[in-house]
Amino acid sequence: MASIRKKKGKSLPPVSTASLPDIIFMLLFFFMVVTVMRDSERKVDVTTPNATELSKLEKKSLVNYIYIGRPIEKLQKEAGTKPRIQLGDKFANLADIPLFLEKHRVKINESQRGAIKTSLRIDKDVTMGIVTDVKTALRKAGQLAVNYSAKPKV
Amino acid sequence: MAKTSIKDRMSNEVNAGSMADIAFLLLIFFLVTTTIVEDKGVLVKLPPWSNEPPDIQQLKTRNVYSVLVNAQNQLLVRGEPADLETLRENAKEFIMNPNKRADMAEKPTKAIVSMKNDRGTKYATYLEVYNEIKGAYNELRNEEANKRFGRDYEFCTREQRKEIRDDIPLVISEAEPTSFGEE
């Protein structure tokens, strides 16, 4: 038959898949570089507000995070519905903040300690009471560079 | 030594076909375990804490731009109700005082923004007000940089930026909040 003869005559060599791993590796490296490990399990709901005057947080290792928000639904039975502070991966009180900052501080090279920033991830529906308390605790602990985490306004 | 034939050596090649699968596995692992975190925010320098009561400085009322936010998230700017949309323009006019009005800042270096809120004020409103004030200063610095050096503030050299910063300093004083509306 004609069709058989045609196939035999024009059979192309199979497409080489040898470069596929390279492409995938490239993607892999891209994701490894642009993303950061999810450091801790979120115990409070945080939707950051919008703002326009944003600055970027450089050096991730010099940043510590404080979350303030209402406990997630699953934990509302034990933790209540009032806004709480989360440090690392657990709920915390105001009194725990200095120790938390100190623990982060000792891990950092002495020459860079002045550049440590605290990123406050605060839910937009939280009232200022708890925020002010945290701010006061930070001031007392000598951690003055603070970044109110926010999303760019569209 | 027995010489391996060419045919033998050919078949000894490691099969690289599964390499893609391994890479895929890693890729998916990273995709799942990581989040692209929003690492942007409004940068603020808090005042240092001191146990002594602050010296009471009597400031001229014309130099103080007071912004009060109550527990209902309403704004009171220099004694008059205001809203967020006009805050930035209003603040800019106050700081620069282009018409040399007697009830606005003598000069930008003397202007002080004083913020006060209740404990029941919503954080979103507070940050928005802060953002507008900061925005007003940023715009003014930008305008000044364009006037003096013909380029945007962020493209100026360190010395030029310092010069502008010294002429238009950002001074925001935050008072202890009143305890209204606490949850």
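Check the entry above for the structure.
Residues numbered from 1 in each chain as written. Chains lettered and ligands numbered in written order. Predicted model: local features only at pLDDT ≥ 70, side-chain atom pairs only at ≥ 80, totals over all residues. Heavy atoms only, no water.

K.L.:
Could you clarify how one ought to interpret the overall build of chain B in this entry?
P.N.:
Summing up its helical and strand segments, chain B has 5 helices and 7 strands in all. Start at the N end of chain B and walk to the C end: the helices and strands fall as α-α-β-β-β-β-β-α-β-α-α-β. Evaluated residue by residue, chain B yields a buried proportion of 34% over its 183 residues. Total accessible area computed for chain B in this model is approximately 11,800 Å², and 54% of it derives from carbon and sulfur atoms. (Helix = DSSP H or I, 4+ residues; strand = E, 2+ residues; numbered from the N terminus. Buried < 20%, exposed > 50% of the residue type's maximum accessible area, 1.4 Å probe, protein only. Areas by Shrake-Rupley, 256 points an atom, 1.4 Å probe, with all protein chains shown as cover.)

K.L.:
Explain the packing of aromatic side chains here, please?
P.N.:
Applying the stated criterion to the full structure yields 6 aromatic pairs over all chains. Each ring, one from Y126 of chain B and one from Y130 of chain B, has its centre 6.1 Å from the other, and the planes form 50°; the classification is tilted. Here Y126 of chain B pairs with Y130 of chain B, and both are found in helix α4 (residues 123-149), just 4 residues apart, close to one helical turn. Taken individually, Y126 of chain B and Y130 of chain B each receive the classification buried, so the pair is uniform in this respect. Among the aromatic residues, those joined into a ring-pair cluster are Y148 of chain A together with Y123, Y126 and Y130 of chain B. (Phe/Tyr/Trp six-rings, centres within 6.5 Å; stacked < 30°, edge-to-face > 60°.)

K.L.:
Help me out: how do you make sense of the pattern of salt bridges in this one?
P.N.:
For side chains bearing opposite charge, pairing can occur when the charged atoms are close. Residues and elements named next belong to chain B. With the rule as written, the count across this model stands at 15 salt bridges over all chains. For the salt bridge of K92 with E89, the shortest nitrogen-to-oxygen distance reads 4.0 Å. Here the residue K92 and the residue E89 both occupy positions in helix α3 (residues 84-96), the gap between them amounting to 3 residues, near one helical turn. For K92, a relative accessible area of 10% translates into the label buried. Of the charged contacts in the structure, one is a salt bridge between R148 and E163, with a shortest N-O distance of 3.1 Å. (Salt bridge = Lys/Arg side-chain N within 4 Å of Asp/Glu carboxyl O.)

K.L.:
I'm lost on the interface of chain B and chain A in this one. Help?
P.N.:
A common measure of how large an interface is: the accessible area buried when the components associate. Of the residues lining the interface, 49 residues belong to chain B; the matching set on chain A comes to 55 residues. Carbon and sulfur atoms supply 62% of the area buried between chain B and chain A, which totals about 4,900 Å² over both sides. Along the contact surface separating chain B from chain A lie 4 salt bridges. Its salt-bridge partner being K135 of chain A, residue E174 of chain B comes within 2.8 Å of it at the nearest N-O pair. Linking chain B with chain A are 20 residue pairs in polar contact (both at pLDDT 80 or more). Of all the elements in the fold, those that place two or more residues in the side of chain B that touches chain A are α2 (19-33), β1 (34-35), β2 (40-45) and α4 of chain B. Here the side of chain B that touches chain A is composed, by residue class, of 24 nonpolar, 10 polar and 15 charged. Direction of pairing for strand β9 (residues 145-149) of chain A relative to β2 of chain B: antiparallel, over a ladder of 5 bridges. (Contact = heavy atoms within 4.5 Å. Buried area = accessible area lost by both parts, 1.4 Å probe. Polar contact = N/O pair within 3.5 Å; in protein donor to acceptor, adjacent residues only side chain to side chain. Nonpolar A, V, L, I, M, F, W, Y, C, P; charged D, E, K, R; others polar. Pairing = 2+ DSSP bridges.)

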